[in-house]
Amino acid sequence: QVQLVESGGGLVQAGGSLRLSCAASGSIFRTNTKGWYRQAPGKQRELVATITSGGSTNYADSVKGRFAISRDNAKNTVYLQMNSLKPEDTGVYYCSWDQYGLRYWGQGTQVTVSP
């Protein structure tokens, strides 16, 4: 089992920045893929960004050039730096952790971007 605890959400004006963190604990394996997803009200959960244990990254087109995912393997922590935020970035952001065919989810953190 892997437990994920997210932090860093909040309310910000359009154009502002936020940094999300997700700390993992439990049975952590070295080979894994970490990610961030988000879910806006009335919409399905969607991929924001992923990063492998080797450092390869993948971003949704809507956040490319504005968001950056990173990780600290020693701390088992993944980050999402969000810049130039837009109202359409509003939603609940979930951390994910994939290892050996299993996906674990964090509890989610609310991000609200006001116009």
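What this report covers is the structure whose coordinates are included nearby. (Residues numbered from 1 in each chain as written. Predicted model: local features only at pLDDT ≥ 70, side-chain atom pairs only at ≥ 80, totals over all residues. Heavy atoms only, no water.)

**Brief notes about the sheet that holds strand E1 (residues 2-7)**
The line we're drawing: We treat two strands as partners when DSSP finds at least two bridges between them. Runs of H or I in DSSP of at least four residues are treated as helices and runs of E of at least two as strands, each being numbered from the N terminus. Between N-to-C directions, angles span 0 to 180 degrees; the directions come from axes that are lines fitted to C-alpha atoms, helices contributing only their stretch in contact.
Across the sheet, 4 strands lie side by side as E1-E3-E8-E7; this open sheet has antiparallel pairing. Of all the strands in the sheet, the pair left with one neighbour each is E1 and strand E7 (67-72). Neighbouring strand axes in the sheet, compared pairwise and without regard to direction, differ in orientation by 15° on average. Inspection of the sheet shows strand E3 (residues 18-26) paired to strand E8 (residues 77-82) by 6 bridges, in the antiparallel sense. Counterpart to Arg-19 in the pairing with E8 is Gln-81.

**Structural notes on the nonpolar core**
Operational definition: Put simply, a nonpolar core is a bunch of buried Ala, Val, Leu, Ile, Met, Phe, Trp, Tyr and Cys residues held in one set by side-chain atoms that sit within 4.5 Å of each other. For the exposure calls, accessible area comes from a 1.4 Å probe over protein chains only, and a residue counts as buried if that area is under 20% of its type's maximum, exposed if over 50%, partly exposed in between. Contact criterion: two residues are considered in contact whenever any of their non-hydrogen atoms come within 4.5 Å of each other.
In terms of nonpolar packing, the biggest core is built from 26 residues, with Trp-36, Leu-80, Met-82 and Tyr-93 touching the most fellow members. Broken down by secondary-structure element, the contributors of at least two residues to this core are E1, E3, strand E5 (46-52), E7, E8, strand E9 (91-99) and strand E11 (109-114). Among the elements that line this core, the one with the most residues is E3, at 4 residues. Excluding anything up to four places from it in sequence, Met-82 contacts Gly-16, Ser-17, Leu-18, Leu-20, Arg-66, Phe-67, Tyr-93 and Val-111.

**Notes on the state of the cysteines**
To be explicit about the condition: Any cysteine sulfur atom paired with another within 2.5 Å is treated as part of a disulfide.
Per the stated rule, a full pass over the model turns up 1 disulfide. The residue that forms a disulfide with Cys-22 is Cys-95, at a sulfur-sulfur distance of 2.1 Å. Disulfide Cys-22-Cys-95: the torsion about the S-S bond is -80°, which places it as left-handed. Residue Cys-22 is located in strand E3, and its partner Cys-95 is located in strand E9; the two are separated by 73 residues in the primary sequence. For the pair formed by Cys-22 and Cys-95, the shared burial category is buried.

**With respect to the pattern of salt bridges**
Defined as follows: Salt bridges are identified by distance alone: a Lys or Arg side-chain nitrogen within 4 Å of an Asp or Glu carboxyl oxygen.
Counting across every chain of the model gives 5 salt bridges. Here Arg-38 ties to Glu-46 by a salt bridge, and the two come within 2.7 Å at their closest N and O atoms. Its relative accessible area of 6% is what places Arg-38 among the buried residues.

**A look at the pairing of E3**
Pairing of E1 with E3, which is carried by 6 bridges, proceeds in the antiparallel orientation. Each residue of the ladder has a partner; that of Glu-6, found in E3, is Cys-22.

So, to be careful, I would describe these as geometric facts and stop short of saying anything about function.
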